[in-house]
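Structural characterization, general
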Number of protein chains: 2
Amino acid sequence: MAEGGAAAAAASENKEERRIVVAVDESEESMYALTWCLKNLVSSNFNDTLFLVYANNPPPVYTAVDGSGYLFSSDIIATMERYGGEVAESVMEKAKKICRDLGGGDDDQIKVETRVERGDARDVICKMVERLNADILVMGSHGYGLIKRAFLGSVSNHCAQNVKSPVMIVKKPK
Amino acid sequence: MAEGGAAAAAASENKEERRIVVAVDESEESMYALTWCLKNLVSSNFNDTLFLVYANNPPPVYTAVDGSGYLFSSDIIATMERYGGEVAESVMEKAKKICRDLGGGDDDQIKVETRVERGDARDVICKMVERLNADILVMGSHGYGLIKRAFLGSVSNHCAQNVKSPVMIVKKPK
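Conventions we followed
Residues numbered from 1 in each chain as written. Chains lettered and ligands numbered in written order. Predicted model: local features only at pLDDT ≥ 70, side-chain atom pairs only at ≥ 80, totals over all residues. Heavy atoms only, no water. Phe/Tyr/Trp six-rings, centres within 6.5 Å; stacked < 30°, edge-to-face > 60°. Lys NZ or Arg CZ within 6 Å of the ring centre and 35° of its normal. Contact = heavy atoms within 4.5 Å. Buried area = accessible area lost by both parts, 1.4 Å probe. Salt bridge = Lys/Arg side-chain N within 4 Å of Asp/Glu carboxyl O. Helix = DSSP H or I, 4+ residues; strand = E, 2+ residues; numbered from the N terminus. Nonpolar A, V, L, I, M, F, W, Y, C, P; charged D, E, K, R; others polar. Pairing = 2+ DSSP bridges. Buried < 20%, exposed > 50% of the residue type's maximum accessible area, 1.4 Å probe, protein only. Polar contact = N/O pair within 3.5 Å; in protein donor to acceptor, adjacent residues only side chain to side chain.

An unreviewed UniProt entry annotates chain A as UspA domain-containing protein originating from Punica granatum.

Below is the structure:
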């Protein structure tokens, strides 16, 4: 299959490159958005690379002091950070499996890269789109933190207004 | 080429159908969004139909009375409506030309339908997506009336929040 591989490589060099950022998190909706993207947007007519981006929200730092001192001791914060890292890993594993299952055959399997970054989802996603010089951003419309959304408004809304690339907002049908 | 045509028809019957609504208006940005859609989203792997939707905003009805009676006489309103109809027609012609130029070869030329409806762009686009049971909505992020946007917020924002289908918001690079 060496010749076939060389031919495929030559063909893929002629195709237009696209860098697609997909924002993923714990929500089913973001996995649905990824699935939708693989089925509807990723195309063998392009040389697509998928960047799975996960915002690892740092634990909130409480400066309020109650009777027992700071609300969270450094031990608890360390535990929460470790937990956050494990969640990030599990989200990425799930996302990569979806890419393997839907991302074309062995020869033209889609290229997938992952990025985990600390920070608020709004900032991380917008910065990553810019830094990776992405051609498209794909994201779900919900998720990315229920409580935060109530206070700060929708993450997808924020990103749609702030990134320069086209933005695909995918809703999971109820 | 009758056999080829039949084979193509049989092949297209096996493909998944997608109904893509593209919101168009006088703005260059909406034409850019349409172009982007044809290049990046429309795919020969699907049996795609494009619905070009244009919201024909009715002239504002002024109820304020000045010295000379109502601000606009019925004559002027009729002239504005005629003008609106002509704008709609010219937008659709431009959009259809883009579809012909980019919508594939003669054999698999993409199917295009047009819909012009009176009303505010927000309402027209959202209603049309629902009525046509669209799978995807594509729109620019600007346009659809500068002054209205300042008062009522972005049309794309409103639609992204209110339609059930995935929404692609395309910005024209500066």
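Moving on from the coordinates now.
Right, let's talk about the packing of aromatic side chains for a bit. Ring pairs (aromatic) are described by centroid distance and by the angle formed between their planes. By the definition in use, this model includes zero aromatic pairs over all chains. The ring of phenylalanine 46 of chain B has arginine 18 of chain B sitting right over it, with the charged end atom 3.7 Å from the ring centre.

All right, on to the interface of chain A and chain B then. Contact residues are listed per partner, giving 21 residues for chain A and 21 residues for chain B. For the pair chain A and chain B, the summed buried area comes to about 1,700 Å², and 48% of that belongs to carbon and sulfur atoms. When the buried surface of chain A facing chain B is broken down by residue, Asn40, Pro166 and Lys171 of chain A rank first, second and third, together holding 30% of it. Where chain A meets chain B, there are zero salt bridges. Those elements that place two or more of their residues in the side of chain A that touches chain B are helix H2 (28-40), helix H6 (155-162) and strand E7 (167-170) of chain A. Grouping the amino acids of the side of chain A that touches chain B by side-chain chemistry returns 11 nonpolar, six polar and four charged. Judged from the three bridges that link them, E7 of chain A and strand E7 (residues 167-170) of chain B form a sheet pairing that is antiparallel.

A separate point is the environment of valine 24 of chain A. Residue and element names in this part refer to chain A. Relative to the elements of secondary structure, valine 24 occurs in the loop between strand E1 (16-23) and H2. Of the residues examined, valine 24 reaches a relative accessible area of 2% and is grouped as buried. Each C-alpha atom of the pair valine 24 and alanine 95 lies 7.6 Å from the other, and the pair is 71 residues apart in sequence. When residues no more than four places from it in sequence are discounted, the contact partners of valine 24 are Ser30, Met31, Leu52, Val53, Tyr54, Val91, Met92 and Ala95.

Within the fold, threonine 49 of chain B resides in strand E2 (residues 47-56). Excluding anything up to four places from it in sequence, threonine 49 of chain B contacts Arg18, Arg19, Ile20, Lys111 and Glu113 of chain B.

Before going further, it helps to examine H6 of chain A. Three or more residues of H6 of chain A are buried, namely Val155, Ser156, Asn157, Cys159 and Ala160 of chain A. Packing partners of the buried residues in H6 of chain A comprise helix H4 (121-131), strand E6 (136-140) and E7 of chain A together with helix H6 (155-162) and E7 of chain B.

Below, the discussion takes up H4 of chain A. In an α-helix, one full turn covers 3.6 residues, which means residues spaced three or four apart are oriented alike. Residues and elements named next belong to chain A. Listed as buried for H4 are Ala121, Arg122, Val124, Ile125, Cys126, Met128 and Val129. The N-cap of H4, judged by a side-chain oxygen 3.0 Å from the amide nitrogen of arginine 122 a few residues on, is aspartate 120. Looking one or two places after H4, you find asparagine 133, whose phi comes out positive at around 55°.

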